[in-house]
Every structure is written in structure tokens, then in C-alpha cells.
Amino acid sequence: MSEVSVYKAKGIEIWLEVTEDHTELKSSGPLSLPCAPIIRHVNSMLQNEKPIEVKDDSVVLTTWLPPIPSGPFRRALKAEIDILLRRKYVPQAVSINAFKRCSCRCAHCNMVQSPSEELTTGELKDFIDQVIDLGAISIGFAEGDPLLREDLTELVEHVDREKAIASVFTPGILLTEEKAAELKRAGLYAVIIGLRSPIPAEHDKARGVKGGFEKATQSMKNAVKAGLYVSMHTHANPDLIESGKLEGLYDLAAQLGVHELTVWEGIPTWGYMGNEGMMLNESHRKRILDMYRRVNSTQEGPRMFSMTFFESPNLFGCMAGRRWLNLVDSGDLTPCTYVPISFGNIREESVKDIWGRMRKFPEFRRKRSCLMLDPEFRSKYFKEIPKLPIHMGKLD
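Conventions adopted
- Residues numbered from 1 in each chain as written.
- Predicted model: local features only at pLDDT ≥ 70, side-chain atom pairs only at ≥ 80, totals over all residues.
- Heavy atoms only, no water.
- Disulfide = S-S within 2.5 Å.
- Buried < 20%, exposed > 50% of the residue type's maximum accessible area, 1.4 Å probe, protein only.
- Helix = DSSP H or I, 4+ residues; strand = E, 2+ residues; numbered from the N terminus.
- Pairing = 2+ DSSP bridges.
- Axes fitted to C-alpha atoms, helices over the stretch in contact; angles between N-to-C directions.
- Parallel < 35°, antiparallel > 145°, perpendicular 65-115°, else oblique.
- Left-handed = near helix turned anticlockwise from the far one by under 90°.
- Contact = heavy atoms within 4.5 Å.
- Nonpolar A, V, L, I, M, F, W, Y, C, P; charged D, E, K, R; others polar.
- Salt bridge = Lys/Arg side-chain N within 4 Å of Asp/Glu carboxyl O.

Draft legend 1. Region of interest: the state of the cysteines. Counted by the stated rule, this structure contains 0 disulfides. We note that Cys 370 lacks a disulfide partner, and the nearest cysteine sulfur, in Cys 318, lies 5.1 Å from it. For Cys 370, a relative accessible area of 10% corresponds to the buried category.

Right under this line is the structure:
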């Protein structure tokens with residue numbers, strides 16, 4: 001048995017106990033009791049779900065969370081303790097959806113571009129510094145295709161690995177062996193590559209790129225070879241669930257040797273205005289959760305990450321404006337990738353001030369499921385879902 005210190009502060013000490021067939025977080029001190037829900041949740045994942053990787057002195061649960069133990073994980077624990085004891089929230093997960101170029105022409109594309117100039121390397125580095133100072137433990141470089149930014153490696157390298165993990169979200173058209181190895185050397189933690197269907201022709205049609213399926217699957221192999229943690233990502237719609245294609249994606253992920261299948265629910269955006277048919281019902285969600293439990297209770301194959309599970313009210317609830325902060329290409333900050341409300345612009349004021357304003361928004365004060373999946377929330381704030389974020393002061 002080995003014991004590895006994870007977190008230590010006045011009133012509490014948390015450590016990881018690792019044996020040949022058992023991994024568990026334990027704690028001691030007067031604050032152990034109020035912090036017990038956090039410990040129970042992590043231990044539930046350690047004991048009831050398969051992690052990606054277990055070593056003598058560390059565990060990687062998922063591509064979406066830092067290794068245990070690590071500097072970023074200690075910061076994550078501190079953030080959760082602050083939520084429990086002080087009701088203080090910080091933007092733990094930060095997505096940078098600020099790239100104006102993309103390598104695809106997706107039929108479902110809802111990416112919009114503001115008329116402003118693309119954010120510079122210096123502006124993005126300053127933003128990264130500010131959110132890490134606020135408590136960020138995960139920085140995700142996302143839409144359009146961040147691999148088209150010449151400074152992507154420099155930006156990844158700028159993320160302080162003692163404080164946060166860095167991930168790249170990409171459609172997987174451009175990730176060569178050389179680029180994957182370069183990003184790994186720069187400190188990249190994970191690559192999340194989107195796949196719309198296990199059927200090549202369907203994926204290519206959705207992406208608008210001939211050979212897109214082959215390129216995406218090859219990119220996953222390149223990332224695995226480089227030693228990166230890799231997640232195959234998909235947005236689930238009713239057809240994907242009812243046709244059995246979701247299981248087909250999992251089988252493909254296993255064949256490719258990726259570490260995780262990430263399943264996000266289809267969420268209404270301006271590109272889907274009026275299209276309620278892309279949204280899941282409770283029967284679909286039950287099938288996702290059944291698959292999630294089945295997959296993660298077996299020893300073989302990749303694990304599965306489910307938004308339906310992770311953002312349920314019984315767990316973390318909707319992350320928007322509570323644990324998640326999103327930067328768009330204009331410099332505006334929104335609560336997540338999907339809620340099109342701007343609370344300020346990083347070219348005009350500090351991230352700290354904007355986050356403080358966002359935290360006062362009444363919709364972020366209680367734990368609930370995804371806001372954009374709630375028709376009452378959508379009808380309350382939007383006559384139709386806008387292309388560009390609406391400034392908070394202009395809401396009806």
C-alpha cells in the first residue's frame with residue numbers, strides 16, 4: 001500500500017491510498033465532515049467506475065479532470081471546499097472559443113464571427129493568466145479549429161502546468177504525428193476530437209470534408225501515439241441514440257485505443273433555431289445513463305464521460321456561470337459555450353470584474369440541469385437564439 005498526499009490545509013488533510021486492487025481518497029481533521037460529500041463523490045468514481053489510468057502514485061479518472069494528485073487537482077479540491085464552506089465559486093473550467101478559422105464546413109455549424117479583429121497572442125496569454133489567478137484548473141482551446149492558429153503551441157506552453165491542465169478540441173483534420181508530439185512537449189494534457197457518426201459517409205457529410213472521417217480517426221491514433229490522453233467526442237441527437245450509432249462510436253473508440261468516449265447532449269443554438277428534433281427526451285437520457293454505467297463498470301475498453309450524468313442536479317448541475325467561463329472571438333465572456341449572454345469584454349475590463357458580475361446573475365444561484373435545455377429559460381431571455389452574444393444589459 002502507498003499513501004500520496006493530495007491536499008493539506010488548516011483543519012483538513014486529504015491523501016490517496018493506493019493498493020494493488022483498490023484506490024481511495026481519505027481525509028482527517030475537523031473539516032473532514034463538511035467536506036465528506038466531495039470525498040464520497042471522488043471515491044464513487046474511483047471505486048465504481050474505471051479510471052483511465054492507475055499508477056503507483058497517481059490516478060487519471062478522465063480526460064476532463066486533472067490527475068490525482070497534482071497541483072491542478074489540489075486547486076480543484078480547494079475550489080469545491082470553498083463552495084461548500086463559503087459558497088464561493090471560481091471559473092474552474094475555461095473554454096477559449098475565440099478562433100475565427102476552421103478546417104471544416106459543417107452542416108450543423110453554429111460558429112459565428114464578430115467583426116472585431118482576432119484576439120492576439122498577447123491578449124490570449126493575459127486572459128489565461130487572469131483566469132488561472134481566479135482559480136481555473138482546466139483551459140480548453142476550442143472552436144473553430146485551434147490547430148489553424150500558428151501560436152497554438154506557444155499558448156499551450158503558457159498554461160502553468162502546476163495550476164491547470166490544457167486541452168485542445170478539434171475536428172481532427174490537421175493533427176499530424178509531428179504536431180501531436182509538439183503539443184505533448186509543450187505540456188498539452190488531452191485532445192478531444194469530434195466524431196458525428198461511426199459511418200464514414202455520414203461523418204464526412206456532417207463535417208463537409210471529404211475524407212474527414214479517415215482524417216479524424218488518424219488524428220486520434222496520432223494523439224495516442226504521442227502520449228496524450230484522447231477523448232472521442234460526440235453530440236448526441238435522437239437518431240444517434242435510437243439507431244445504435246452511439247454504441248458504434250464506442251466500439252470504434254475501443255478499436256482506435258482512445259481513452260474515453262465523451263457524450264454531450266445536443267443543445268439549442270442559433271444554428272438550430274426552432275429545431276426541437278435535435279434534443280433528447282428522458283427516454284434517450286436513460287439510455288445514455290444505462291450505457292454510461294454499463295461501460296464504466298467493465299474492465300475492458302475506454303471509459304465514458306456523460307454530460308447527462310456529470311451535469312445532473314444530483315451531481316454538479318449546470319456548470320454555466322458557476323464553474324464554467326467561456327471566451328468568444330470578440331473578447332466577450334459568456335457563462336459557457338451555449339448560453340449566448342455576454343457579461344463583459346476582456347478588452348475593456350478585467351476578467352475578475354466580469355466574473356463578479358456574472359456571479360450576481362440570478363439564474364446561476366441554484367443547482368439545476370443545463371440552462372439551454374430548459375424551454376422556460378430560453379423563452380424568458382430570447383425571442384430567438386441570437387448569433388452573437390447579447391450583452392446582459394440589453395436583456396428584456
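Draft legend 2. Broad picture of the pairing of strand 10 (residues 229-236). Taking burial as the measure, the 8 residues of strand 10 include 7 buried ones, the bulk of the element. With 5 bridges connecting them, strand 9 (residues 190-194) and strand 10 associate as parallel partners. Within the sheet, the bridge partner assigned to Ala 190 lies in strand 10 and is Tyr 229. With 6 bridges connecting them, strand 10 and strand 11 (residues 260-265) associate as parallel partners. Counterpart to Ser 231 in the pairing with strand 11 is Glu 260.

Draft legend 3. Molecular detail of the packing of helix 9 (residues 245-256) against helix 10 (residues 282-296). Two elements in contact, helix 9 and helix 10, have axes separated by 11 Å at closest approach and are oriented at 25 degrees. When the axes of helix 9 and helix 10 are compared, the pair comes out roughly parallel. Crossing handedness for the pair helix 9 and helix 10: right-handed. Within the contact between the two elements, helix 9 uses Leu 246, Glu 247 and Tyr 250 and helix 10 uses Ile 288, Met 291, Arg 294 and Val 295. Its residues assigned to classes, the contact of helix 9 with helix 10 comprises 5 nonpolar, no polar and 2 charged.

Draft legend 4. Just the side chain of Arg 323, in detail. In this structure, Arg 323 sits in the loop between helix 11 (307-310) and strand 13 (324-328). Excluding residues within four positions of it along the chain, Arg 323 makes contact with Glu 80, Ile 83, Tyr 89, Val 90, Pro 91, Gln 92, Ala 93, Phe 316 and Trp 355.

Draft legend 5. Layout of unusual backbone geometry. Backbone torsion omega between Ile 68 and Pro 69 reads -5 degrees, so that peptide bond is classified as cis. Tracing the sequence through the fold places Pro 69 in the loop between strand 5 (59-60) and helix 2 (71-86). For the bond running from Glu 143 to Gly 144, omega is -10 degrees, close enough to zero to count as cis. Following the sequence through the fold, Gly 144 ends up in the loop between strand 7 (138-141) and helix 4 (152-158). Backbone geometry places Arg 87, a non-glycine residue, at a positive phi of 55 degrees.

Draft legend 6. Region of the structure containing the pattern of salt bridges. Scanning all chains against the criterion turns up 25 salt bridges. In this structure, Lys 26 and Glu 17 form a salt bridge, with 3.4 Å as the shortest nitrogen-oxygen distance. Accessibility expressed as a relative area gives 29% for Lys 26, which makes it partly exposed. The network of salt bridges with common partners includes Arg 101, Glu 118, Arg 149, Glu 150 and Asp 151.

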